[in-house]
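What follows is the residue order along each chain.
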Amino acid sequence: STDETLDLNTDESYTLDVPVNGKAMLTAKSPYGVVRGLETFSQLVTANGYTKAILNTPVHIEDAPMYPHRGITFDTSRNFYSVDSIKRTLDAMSYNKINTFHWHVVDAQSWPIESKSIPGLHQKGAYSSSMTYYYNDVQTIIQYAKERGIRVIPEFDVPGHTYIVGQTKPDIMSCTNKQPNWADVAAEPPSGQLNIAKPDSINFTKTIISEYTKLFPDNVFHLGGDEVNLNCWTEDPYVQQYLAAHPSESVQSLLVNFYTQVHDYLATTGKTAYTWEETLFDTSYVPPNSTIIQVWLAQTSVQKAVAQGYRVVSSSYDAYYLDCGHGAWLSNFDGNSWCDPFKTWMHVYNYDVAANITDPAQRKLILGTEVAIWSEQTDDQVVDARLWPRAAAMAETAWSGKSDATGHVRTTAEVASRLHEQRYRMVGRGIKAEPMQPLWCARNPGACNLPS
Amino acid sequence: MKLSAMIGFLAALPSALALWPIPRTLTQGTSNTQAALVTISVQGNSSPVVTSAISRYQKLINGESFVAPADYKRGIVKTAGSLSCLTVTIKSADETLGLHTDESYTLDVPVNGTATLKAQSPYGVVRGLETFSQLVTGNGYSKAILNTPIHIEDSPVYPHRGLSFDTSRNFYSVNSILRILDAMAYNKMNTFHWHVVDAHSWPIESKSIPGLHQKGAYSSSMTYYYADVKRIIQYAKERGIRVIPEFDVPGHTYIVGQTKPEIMSCTNKLPNWDHFAAEPPSGQLNIAKPESIEFTNTIISEYTKLFPDNVFHLGGDEVNRNCWTEDPDVQKYLAAHPGEDVESLLVNFYTKVHDYLETTGKTAYTWEETLFHSKYVPNNSTILQVWIDQASVQKAVAQGYRVVSSSYDAYYLDCGHGAWLPNWDGNSWCDPFKTWMHVYNYDVAANITDPAQKKLILGTEVALWSEQSDEHVIDGRLWPRASAMAETAWSGKMDASGHVRTTGEVASRLHEQRYRMVGRGINAEPMQPLWCARNPGACNLP
C-alpha cells in the first residue's frame, strides 16, 4: 500500500531477499516497511578491498517490530538544540529503526517554539531569536522525520514545569521563581506552575492545544503532567483566597478540574492524549481510557497501568534516562544526581518492559518504550555521545524483543559485537557515538569480558 | 531610596570580571574602554614563542566577540576611552620549558591608550595574552574591556598543572590532540602527560623496533609518526605546554608481545585475565629475562631523544605478581636462582631501567606503586604520580619525594560511565562521575602542614583513560571539568584573605569559561541549563 499514515498501526514489516547473483528484492506492506528494509539492506553491504560485497548470500530476511512505539523523549527546553542536531538525531534514529520522536519542546527554562497565538511565549521565552524553532523549522523537522518513518509527538507539559510561561503571562502563574527555597514548590529551579484556581490557566492551555494540535499532524498529543507540586498552590495567596471562598473545593479538586477540562478539550481535536504517570497515579483525576500513559518512576508503574486497562509506554528512569550519571547539576552541591548511576548500554539492553506481566491482554497494552534525554547537562555539543550507542540498545529490544525464536533471552555479551559494529557504522555516518570499549576489544570479541 | 533608583544604582556597579583561572591579584576600575581593534606588539627582546603567541592571540581576539551568558541582557555599554594597542615586554627570551619556568606576568589596561603586558619569560606572555583575551567582550557591533583601569599581577601556585592523556586504549587524531592543547592553553594548563602506549595499542612510531607500531598500532593511519610527534611537541611549546611521554613498564605491555613475544609473561590469558592483570588483555614484560630490560632501555634511549622534556615517565602502575609467579619461565629461573624472588626481580628491573634513564640526564616520573608497592627505592629526584588516595600524597612527601596528584576520586575524568565489560551490568571501579564541583573541591595539600613537605607538591593532573573515550567524545569528557582543576592549580584553593573559594561562588565564572571555549571550537559539555548560566545563583541547592 502507498498509504503514508504514520501511527501506532503503521505496518513496518518487510521481506528482503538477496540472491547470490542477480536482483535483490525488498517487499513491504507500507512505505515505512521500505524505509526499514532499506536500512537493513544498507547494513548488509560491506567494503571489500576497493569494491563492496554482501556476505553469506543468499540472504532471506523477514522482519517486523515487536513493539509499535519505539522512541526518544527529547528535551529542547533546558538547553537548545539546532535544527541540524535534531535532524542528525533523526538520522541516527532511523539507522536503529526507532520510530517516535517525543519532542519535549518546552519546559520551565525556555519556550523555544514559535507561537502564533501568543507570540510573547517565544519572544520572551526562547533563549534568543536564533534559538527558536519557527513554524517552518518545525515543519522541516516533521517532514524529515516522516521520510524516516518517525512520528513526531509534541509535549506541552502542564500544569507544572511552566515558569517560562510567566514571562509573558505572569497573571496565570503560581510560585514563580521562589528563591532560595525553590525545592518547597518544584522538582528543580526555577519554580512555577499554572495557577489552576484561575480559569485563564485553562484557557491558556486550550489555546496552546488548539494551536499545536494543528501544527503537529500526529494523532497523539502529550500533555505532560509530571512532578506537580501541591505546595506551589497551597502556599499561593490567590489559591488560598479562592479555596477559602469555595470551601467544597481543594487543590486536588482544582487539579481534577484542570485535567478534566484540558483533556476533554484535547478530545475535541480528535487527538489521543499521552501523559506522564502522575496524571493517573498521583491525582484523583481518571484519564479517559484511550489515554496513553508514559511511565518513568518504577517497573511497578507499568504493571499498575496495564492492570487498570491503560496503554503504556515505558521510560523507566532506572534503565532509560540517558542523562543520568553526570552527578548533581546544582553548583553548590558536590554529590550525585537523583537518578545516578550512569545507565550503561548493558543496563539499557537488559531492561524488559514486560517483566512480571503475564496476562496476555495486559501485555498487549504495552505499546513500547522511550529512552529519555533530559537536557540540564546536555546540548548540541555532546548530544550524540549521550544518546549513542545506548539508545541503540533500547532500539533492538523494542524492535527485536528480548528473546530469539527459541525463547533464549539475548545477553549483552552475545550482542556486544554487533553493537560495536553498529557504533562504528554510525560514526562513519557522522554520528559522534561514544565508544563502548577499546578498539582492541571490538576487534577481539569475547576477549574483554568479566570472567564468570 | 526609591526602588527604581536603587535598581539603577545596582546596575551601575561593575560586575566582577570573569577570568578563568582567577588571577592572583586583580584591581579593576569603574570605566569601560573600547577595544574594537587592538594591535599587539613586542617591545625590546622577543622570541619565537612570543612571536607566535602574539600572532595567535591577535587572530583570536580580532575574530572573537564573546558575551557571557550572565550578561545577555547587558546591552551596549558606554566607553570612556579606547585601547589601540597592547605592548609586550619580556625580561628573558629563554624558552626553556620545565618545572622552573617563570610563568608570571603583569597586565595593565588603562581607560584609554596603550595596555602593557610584562613577563619574565616568553611563557608569561602566553599566560598574559590568554588573560587579556578573556578581558575583551562583545559590545554591540564593537568590543570593549569593562572595569578599566585594570591591574593584574599573576603567577601560578603550582608549577605542574596537567592532563594524563591515554592514546592507547583508543586512538586520537593529531588534530584532536592539537585541539586539546588549545583548550589547555585557554585554561593555563602547562603539562601534557602523554600516556602514549599501553596494552591495547602502540600508536607511536619506533625507529629502533619498527614492529612495535607496525604490529601494534590500530592501523597505519592510526599512528603517530615522528613528524606528528614533533608537530605536537612544537604546538604544545608555543602554548607553554610541556609534553612528558609515558612508556609504562613492566605492566600494561601486552601489545609489545605482538612484536617481541619472547620477552612477555601471561600474554592474553583468557578467560581469567583478572588473575593476571587489572584489565584485559593481560601481559607484562618477563622481568626474569634480561631482554626485557634491554627492550626497555632501547625504548628509553629512543624516546628520550624524540621528546625534549627533561622528565620521562616510566609508568610502573598495577603490576600483577601472579603474572610472573605462574609463568613457567619465571618459575624455572627462580628455581635455578634460589636467592631471588619476584620482588627482587622487580627491584632489579626498576634499578636497571631507572639507572639507565639517569644516564640520559632525564628525571624519572612514575606511578606511586613504584615506591609503595615494590621493594625498589626510587632515587630521591624521582617524581611520584599519586592516584590511589590522598594518604599517598602525604606518605610520599613525608618520604621526601616530589609529588603530582591525580587522585582518582577527584581527577579521573573517565569514571562514571559504568563498567565497560559487556557481560557485566554494573558500575566501574571508580564511579561515580566526578562533577566539576567535586574536581574543584579537591585540595592536593589537604592535611599536609609542614611547609617543607608542601613545597614537594609540584601540582596536579586530571586523567583521561580511554577505554570508553575517543576523539568523537573527548571534548565533552575533558571540559569544563579539567578547567576546574586548572583554576585550583593556578590560583590555589583560596583568595588573598584566606577564604576557600566555593563552587557556588565560582560557578558563574566557569559558565563563562565553558561558553567561551565552545565559541572557540571546544565541544565542552554544559554545566546547567542556559537559564541557570544567565541567572547566577538561581540554580543552587537551598
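Residues numbered from 1 in each chain as written. Chains lettered and ligands numbered in written order. Predicted model: local features only at pLDDT ≥ 70, side-chain atom pairs only at ≥ 80, totals over all residues. Heavy atoms only, no water.

Participant: Give a detailed account of the state of the cysteines, specifying residues and quantitative values.
Facilitator: Scanning the entire structure with this criterion turns up six disulfides over all chains. Across a sulfur-sulfur distance of 2.1 Å, Cys 441 of chain A and Cys 448 of chain A are joined as a disulfide pair. Classification of the bridge connecting Cys 441 of chain A and Cys 448 of chain A rests on its S-S torsion, roughly -75 degrees, and on that basis the disulfide is left-handed. Judged by relative accessible area, Cys 441 of chain A falls into the buried class, the value being 3%. In this model, Cys 415 of chain B is linked to Cys 430 of chain B through a disulfide, with the two sulfur atoms separated by 2.0 Å. The S-S bond linking Cys 415 of chain B to Cys 430 of chain B shows a torsion near -105 degrees; that makes this disulfide left-handed. (Disulfide = S-S within 2.5 Å. Buried < 20%, exposed > 50% of the residue type's maximum accessible area, 1.4 Å probe, protein only.)

Participant: Describe the nonpolar core, listing the residues and the values that go with them.
Facilitator: Grouped together as the largest cluster of nonpolar side chains are 151 residues, with contacts concentrated most on Phe 132, Phe 192 and Trp 202 of chain B. Examining the composition of this core, we find that eight residues originate from one element, helix α4 (residues 174-186) of chain B, more than from any other. For Phe 192 of chain B, the residues in contact, after removing those within four places along its chain, are Leu 163, Phe 165, Ile 177, Ile 180, Leu 181, Met 184, Ile 241, Arg 242, Val 243 and Ile 244 of chain B. Among the nonpolar cores identified, the runner-up in size contains 115 residues, and Leu 121, Met 173, Leu 215 and Trp 329 of chain A belong to it. (Core = buried A, V, L, I, M, F, W, Y, C linked by side-chain atoms within 4.5 Å. Helix = DSSP H or I, 4+ residues; strand = E, 2+ residues; numbered from the N terminus. Contact = heavy atoms within 4.5 Å.)

Participant: With reference to specific residues and values, describe the UniProt feature "domain: Glycoside hydrolase family 20 catalytic" (unreviewed entry) in chain B.
Facilitator: Within this structure's numbering, the places UniProt gives as "domain: Glycoside hydrolase family 20 catalytic" (unreviewed entry) are residues 158-492 of chain B. Taken end to end, residues 158-492 of chain B is 37% helix and 14% strand, and its first and last C-alpha atoms sit 8 Å apart. (UniProt positions renumbered as here; feature names shortened; annotations may be inferred.)

Participant: Please give an account of the packing of aromatic side chains that cites residues and values.
Facilitator: Residue and element names in this part refer to chain B. Here the structure, examined in full by the defined rule, presents 45 aromatic pairs over all chains. Between Tyr 411 and Tyr 442, the aromatic rings sit 4.9 Å apart at their centres with planes inclined by 70 degrees, giving edge-to-face as the arrangement. You can see Tyr 411 sitting in helix α13 (residues 408-411) and its partner Tyr 442 sitting in the loop between α14 (436-441) and α15 (451-454), a full 31 residues away along the chain. Judged by relative accessible area, Tyr 411 falls into the buried class, the value being 1%. (Phe/Tyr/Trp six-rings, centres within 6.5 Å; stacked < 30°, edge-to-face > 60°.)

Participant: Break down the layout of surface pockets for me, with residues and values.
Facilitator: Residues and elements named next belong to chain A. If you add up the space inside the second largest pocket, you get close to 710 Å³. Lining the second largest pocket are 24 residues, and of these Gln 43, Lys 97, Glu 396, Ser 400 and Arg 418 lie nearest its centre. Counting residues per element, the ones that place at least two in the lining of the second largest pocket are α1 (31-44), β5 (59-63), α12 (345-350), α15 (390-400) and α16 (412-428). Among the residues forming the lining of the second largest pocket, the class breakdown is twelve nonpolar, five polar and seven charged. (1 Å grid on protein atoms, 1.4 Å probe; cavity = no way out; pocket = protein on both sides within 12 Å on 5 of 7 lines; lining within 4 Å. Points joined across faces, edges and corners; volume = space filled by probe spheres on them. Nonpolar A, V, L, I, M, F, W, Y, C, P; charged D, E, K, R; others polar.)

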